[in-house]
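# Topology and contacts: notes
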Amino acid sequence: MNIDEINTRGVDSCLTGKTPCAGLTPAASPEIKTPQRGADSQTGVSTENAPSQTIINPMTTEKRPDRHWYALRTTYGREKKAYDYIIDNNGIAFYPTIIVDKLVKGRIKSFEVSRIPNIFFAYGTEAEVGRFVFDNVNLPFLRFYYRHFSRNNEIAHEPLIIPDKQMESLRIVCAAESEDTIITTADIPKFRTGQRVRVLDGPFAGVEGRVGRYRGQQRVGVVIGDVATAVTAYIPKGMMQKLE
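Remember, it's a predicted structure, so these values are computed and weren't measured experimentally.

## Details of the overall build of the chain
Of regular secondary structure, the chain possesses 4 helices and 16 strands. Scored against the burial criterion, the 244 residues of the chain give a buried share of 49%. Summed over all atoms, the accessible surface of the chain reaches about 12,300 Å², with 47% contributed by carbon and sulfur.

## Examining the side chain of D135
Along the chain, D135 falls in the loop between α2 (126-133) and β7 (142-144). Side-chain polar atoms of D135 contact the side chain of Y85, separated by 3.5 Å. Within the structure, the side chain of D135 is placed 3.0 Å from the side chain of N138, a separation counted as a polar contact. In this structure D135 touches Y85 and P140, once residues within four positions along its chain are discounted.

## Some words on the environment of M240
Relative to the assigned elements, M240 resides in strand β16 (residues 240-242). Expressed as a C-alpha distance, the spacing of M240 and V199, which sit 41 residues apart in the sequence, is 4.6 Å.

## So, the sheet that holds β16
Judged by pairing direction, the sheet is antiparallel, and its 6 strands sit side by side in the order β11-β15-β14-β13-β12-β16 without closing on themselves. Of all strands in the sheet, those with a lone pairing partner are β11 (182-184) and β16, marking the two edges. In this sheet, adjacent strand axes meet at a mean angle of 40 degrees when their direction is disregarded. In the sheet, strand β12 (residues 196-199) pairs with strand β13 (residues 208-214) via 3 bridges, with the strands oriented antiparallel.

## Description of the pattern of salt bridges
Going through the model one piece at a time under the given rule, you end up with 9 salt bridges. Two residues, E158 and R147, come together in a salt bridge whose shortest N-O distance is 2.4 Å. Taken together, the residues span a long stretch of sequence, with E158 in strand β9 (residues 154-159) and R147 in strand β8 (residues 146-151) at a distance of 11 residues. Put simply, D187 and R192 hold a salt bridge, and the shortest N to O gap is 2.7 Å.

## Regarding the pairing of β13
For β13, the buried fraction is high: 5 of the 7 residues fall into the buried class. Relative to strand β14 (residues 217-224), β13 runs antiparallel, the two sharing 5 bridges. Among the inter-strand pairings, R213 is bridged to a residue of β14, identified as Q218. As consecutive antiparallel partners, β13 and β14 are separated by 2 residues, and within that stretch R215 has a phi angle of approximately 55 degrees, a positive value.

## What to know about the packing of aromatic side chains
All told, the structure shown has 9 aromatic pairs when counted by the stated rule. Summarising the aromatic geometry, the rings of Y83 and Y95 are spaced 5.1 Å apart at their centres and angled 40 degrees between planes, so their arrangement reads as tilted. Within this pair, whereas Y83 is found in helix α1 (residues 79-88), its partner Y95 is found in strand β4 (residues 92-104), the two being separated by 12 residues in sequence. On the basis of relative accessible area, Y83 is assigned to the buried category, the value being 2%.

## Description of the nonpolar core
In this structure, W69, F121, I162, L170, F204, V207 and V227 are the most contacted members of the largest nonpolar core, which totals 32 residues. When contributions to this core are tallied by element, the ones reaching two or more residues are β3 (68-74), β4, β6 (119-124), α3 (164-175), β12, β14 and β15 (228-231). Per element, the largest residue contribution to this core is 5 residues, and it comes from α3. With near-sequence residues (within four places) excluded, V227 lies in contact with A71, I116, I119, Y145, L160 and T185.

## Description of the confidence of the model for the chain
Confidence in the prediction for the chain averages 79 pLDDT; 74% of positions are at 70 or higher. Note on residues 15-61: pLDDT under 50 across the span, and 160 contacts to partners over four residues away in sequence or across chains.

## Focus: α1
Along α1, the residues classified as buried are E79, A82, Y83, I86 and I87. The buried residues of α1 all sit within an arc of 135 degrees when viewed along its axis, so they share a single face. Looking at α1, the residues exposed on the side facing more than 90 degrees away from the buried face are K81 and D88. In the stretch just after α1, N90 is the one whose phi turns positive, near 65 degrees.

About the criteria used
- Residues numbered from 1 in each chain as written.
- Predicted model: local features only at pLDDT ≥ 70, side-chain atom pairs only at ≥ 80, totals over all residues.
- Heavy atoms only, no water.
- Helix = DSSP H or I, 4+ residues; strand = E, 2+ residues; numbered from the N terminus.
- Buried < 20%, exposed > 50% of the residue type's maximum accessible area, 1.4 Å probe, protein only.
- Areas by Shrake-Rupley, 256 points an atom, 1.4 Å probe, with all protein chains shown as cover.
- Polar contact = N/O pair within 3.5 Å; in protein donor to acceptor, adjacent residues only side chain to side chain.
- Contact = heavy atoms within 4.5 Å.
- Pairing = 2+ DSSP bridges.
- Axes fitted to C-alpha atoms, helices over the stretch in contact; angles between N-to-C directions.
- Salt bridge = Lys/Arg side-chain N within 4 Å of Asp/Glu carboxyl O.
- Phe/Tyr/Trp six-rings, centres within 6.5 Å; stacked < 30°, edge-to-face > 60°.
- Core = buried A, V, L, I, M, F, W, Y, C linked by side-chain atoms within 4.5 Å.
- pLDDT = per-residue confidence, 0-100.
- Arc of directions from axis to C-beta.

Rendered as structure tokens:
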């Protein structure tokens, strides 16, 4: 069967609790919603500079210092299966996806696919998230995404925590109605070293990252741990505020 990709449209899938939602509204209390399609193109993510309380369980406003966003990885493209299981079992997770239109046997069909293949995110304490990661009966293909470092001349590792600000910015990029956002697992050095800024207006308002020219345009990039880089569409200079 010949399948030719012809178009992509972004859609941000996230779930908090048991009910699906389409991403948390920036700077507002979370709402339970059904998944919706956005207008992004191939890759892109964004999260607003909203209070961290907006990204925790919508059934409580408690913000505990031992709860974080963790990057999780799966094998063989089974992140959707793991994500659904976590949500069905009262976990909190964020699964960025995109709608891809493909030509299948002469007809256009739409498919929802992951923006970051084999990767998604879960929120909680390490133990709360770990009960899913180490569930080898139901989720034998799920693991923490580990950060490796040197300790006492030996290589050690620990689960990679994604800072709230990065997750908020990722959500904003995902939710932005722009066809020129990009999410890539490739390293883009300029978005690690450029001037730190906050976007003040427009669909990317609240994004905090580093500014640089990419594909001929001035954009803001957000490095999501060591997992991926989310890049906005063009941002005019007057819509950015420098950060120290």
